[in-house]
Amino acid sequence: MAVPVAILDCDLLLYGRGHRTLDRFKLEDVTDEFLVSMYGFPRQFIYYLVDLLGANLSRPTQRSRAISPETQILAALGFYTSGSFQTRMGDAIGISQASMSRCVANVTEALVERASQFIHFPDDEVSLQHLKDDFYGLAGMPGVLGLVDCNHVAIKAPNAEDMSYVNRKGLHSLNCLMVCDARGMLMSAETHWPGSLKDCTVLQQSVLRNQFEAGMHKDGWLLGDSSFVLRTWLMTPLHIPETPAEYRYNMAHSATHNVMDRTFRTMRSHFRCLDGSKGTLQYSPEKASHIILACCVLHNISLEHGLNVWASPTTGQIEQPEEDYEPMESLDSEAYRVRQELLLTHFS
């Protein structure tokens, strides 16, 4: 049901001027169905976010007119899940589109500050073994610590001269490097890379690569597609499989890595601001990167809370640029040896 409210000025709402009272949107006044349809999440999840982010979103002020953390979170969720600042959404919670934009910025920064709390690799042996066991249960691929891939998110052109964000399709985008577990939970998310960079270049320059090269994640490997280069810590498919063992390896690799593709599709479906159906993110690359990362945090919190994130229907999405690569499988002889041993031990 709709709640009758007044639409007020952005600064008036955020900072509070005068002595009039503001009609406030109350979660208890509406149904869960309304909240999910309008803001993408049920009541208890929203209450959790209020507890998590409330301190960041409550500005110390002597005025009584500032927008509540609850309303700021609803405004941000509405944008993340719809991809636009719809008038009816602002009407429902009693704020203007300009105020919604400011709320999105506030909530985004609060979520980004907590990214490391929700997006990380497990750091104890028991959890790491569970991680490997979960992956092995998918298609029999042993030793897997995560699935890595890149995904482009469309953004507005930063300026006419800057071509670094123009991808191979001629569109401006950010190329986001992510790693997920067997459940689709993100364990790494680097969302700031310019769209002109190839996937292999992004990985080569990433914090993720530095962590694995430094041995922070031992006794296992990531799975990546053929756009990446074979490493001791990154197993890629064979370009031209010849033996039965090589075919079995490639099939297990593909079946396992499909979880990453499904995770990307699910995130674009749930967070429509990422899928391009409402247009590009109308922000600077830095702010767009933060919005993407905020959606990654929300994705993980959703999984932690047992929400069925996979139920969302797939939607239109930005066309992902095709990678132009040449197989470079034997450049790292030790990596080649590790993969051959894997083939002989588990797929022969």
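A few points on the structure.

Cut-offs used in this document
Residues numbered from 1 in each chain as written. Predicted model: local features only at pLDDT ≥ 70, side-chain atom pairs only at ≥ 80, totals over all residues. Heavy atoms only, no water. Phe/Tyr/Trp six-rings, centres within 6.5 Å; stacked < 30°, edge-to-face > 60°. Buried < 20%, exposed > 50% of the residue type's maximum accessible area, 1.4 Å probe, protein only. Helix = DSSP H or I, 4+ residues; strand = E, 2+ residues; numbered from the N terminus. Pairing = 2+ DSSP bridges. Contact = heavy atoms within 4.5 Å. Axes fitted to C-alpha atoms, helices over the stretch in contact; angles between N-to-C directions. Parallel < 35°, antiparallel > 145°, perpendicular 65-115°, else oblique. Nonpolar A, V, L, I, M, F, W, Y, C, P; charged D, E, K, R; others polar. Core = buried A, V, L, I, M, F, W, Y, C linked by side-chain atoms within 4.5 Å. Arc of directions from axis to C-beta. 1 Å grid on protein atoms, 1.4 Å probe; cavity = no way out; pocket = protein on both sides within 12 Å on 5 of 7 lines; lining within 4 Å. Points joined across faces, edges and corners; volume = space filled by probe spheres on them. Expected span 1.5 Å × (residues − 1).

Overview of the packing of aromatic side chains
The description of two aromatic rings rests on the distance between their centres and on the angle between their planes. Counted by the stated rule, this structure contains eight aromatic pairs. Ring centres of F41 and F45 lie 4.4 Å apart, and the angle between their planes is 10 degrees; on these two criteria the pair is classed as stacked. In this structure, F41 and F45 share a single accessibility class: buried. A ring pair is formed by Y249 and F347, whose centres lie 5.7 Å apart and whose planes are at 90 degrees; its orientation type is edge-to-face. A residue pair is termed long-range when its members are at least 10 positions apart, and Y249 in helix α11 (residues 244-270) and F347 in helix α13 (residues 333-347) qualify at 98 residues. Each member of the pair, Y249 as well as F347, carries the same accessibility label: buried. Among the aromatic side chains, those forming a connected cluster through ring pairs are F41, F45 and F271.

Digging into the sheet that holds strand β4 (residues 221-223)
On the basis of which strands lie adjacent, the open sheet formed by five strands has the order β3-β2-β1-β4-β5 and mixed pairing. At either end of the open sheet lies a strand with only one pairing partner, and these are β3 (186-194) and β5 (234-235). Both strand β2 (residues 173-180) and β3 contribute to a ladder of six bridges, which runs antiparallel. Residue pairing across strands places L174 opposite P194, the latter belonging to β3. The strands touched by α11 within the sheet are β1 (144-154), β2, β3, β4 and β5, with β1 carrying the most contacts at an inclination of about 45 degrees. Of the strands in this sheet, β1, β2 and β3 touch helix α12 (residues 285-304), which is tilted by about 165 degrees from β3.

Focus on the packing of helix α4 (residues 69-82) against helix α6 (residues 97-113)
Direction vectors running N to C along α4 and α6 enclose 90 degrees, while the axes themselves pass 8 Å from each other. Relative to α6, α4 is oriented roughly perpendicular. Listed contacts from α6 to Q72, I73, A75, A76, F79 and Y80 of α4 are M100, C103, V104, N106, V107, T108 and L111. Looking at the contact of α4 with α6 residue by residue, the classes come out as ten nonpolar, three polar and no charged.

Brief notes about the environment of G276
On the secondary structure map, G276 appears in the loop between α11 and α12. In sequence terms G276 and G83 are 193 residues apart; their C-alpha atoms lie 8.2 Å from each other.

Section: the nonpolar core
Counting residues in each nonpolar core, the largest one holds 99 residues, and the members touching the most others are Y80 and L281. Each residue touching Y80, except ones within four places of it in the same chain, is listed here: V104, V107, T108, L111, H270, F271, R272, C273, I291, A294, C295 and L298.

Quick word on the pairing of β2
For β2, the tally of buried residues reaches eight of eight residues, placing the bulk of the element in the interior. The alternating pattern of β2 places S173, N175, L177 and V179 on one face and L174, C176, M178 and C180 on the opposite face, and all of these are buried. Sheet topology places β1 next to β2; eight bridges connect them, and they run antiparallel. The partner of V153 across the bridge, within β2, is L174.

Examining helix α2 (residues 32-39)
Since one α-helical turn is 3.6 residues long, residues separated by three or four positions face the same way. Looking at α2, one finds that the buried residues are F34, L35, M38 and Y39. Along α2, the residues classed as buried sweep out an arc of 100 degrees about the axis, all on the same side. Facing away from the buried side of α2, by more than 90 degrees, are the exposed residues E33 and S37. Where α2 ends, the next residue or the one after it, G40, has phi of about 85 degrees, a positive value.

Some points on the pairing of β3
Every other side chain in a regular strand lies on the same face of the sheet, so the side chains alternate between the two faces. Of all nine residues making up β3, eight are buried, and the element is well covered by its neighbours. Counting the residues that bridge the hairpin from β2 to β3 gives five residues, and of these G184 lies at a positive phi of roughly 90 degrees.

Some remarks on empty space enclosed by the protein
Taken as a whole and assessed by the stated rule, the structure comprises three cavities of 30 Å³ or more. Space inside the largest cavity adds up to approximately 60 Å³. The wall of the largest cavity is formed by N151, V153, C176, M178, F264, M267, R268, L274 and I292. Listed by contribution, the elements that provide at least two residues to the lining of the largest cavity are β1, β2 and α11. Ranked by the residues each element gives to the lining of the largest cavity, the list is headed by α11, at three residues. Looking at side-chain class alone, the lining of the largest cavity contains seven nonpolar, one polar and one charged residues.

So, helix α8 (residues 125-139)
In a regular helix each residue adds 1.5 Å, so 15 residues correspond to 21 Å; α8 covers 22 Å between its end C-alpha atoms and thus fits that length. Looking at α8, one finds that the buried residues are L128, L131, K132 and F135. Buried residues of α8 fall within an arc of 90 degrees about the axis and therefore sit on the same side. Facing away from the buried side of α8, by more than 90 degrees, are the exposed residues V126 and G137. Against β1, β2, β3 and α11 lie the buried residues of α8. After α8 finishes, the residue G140 shows a positive phi value of roughly 80 degrees.

Geometric values such as these leave the question of function open.
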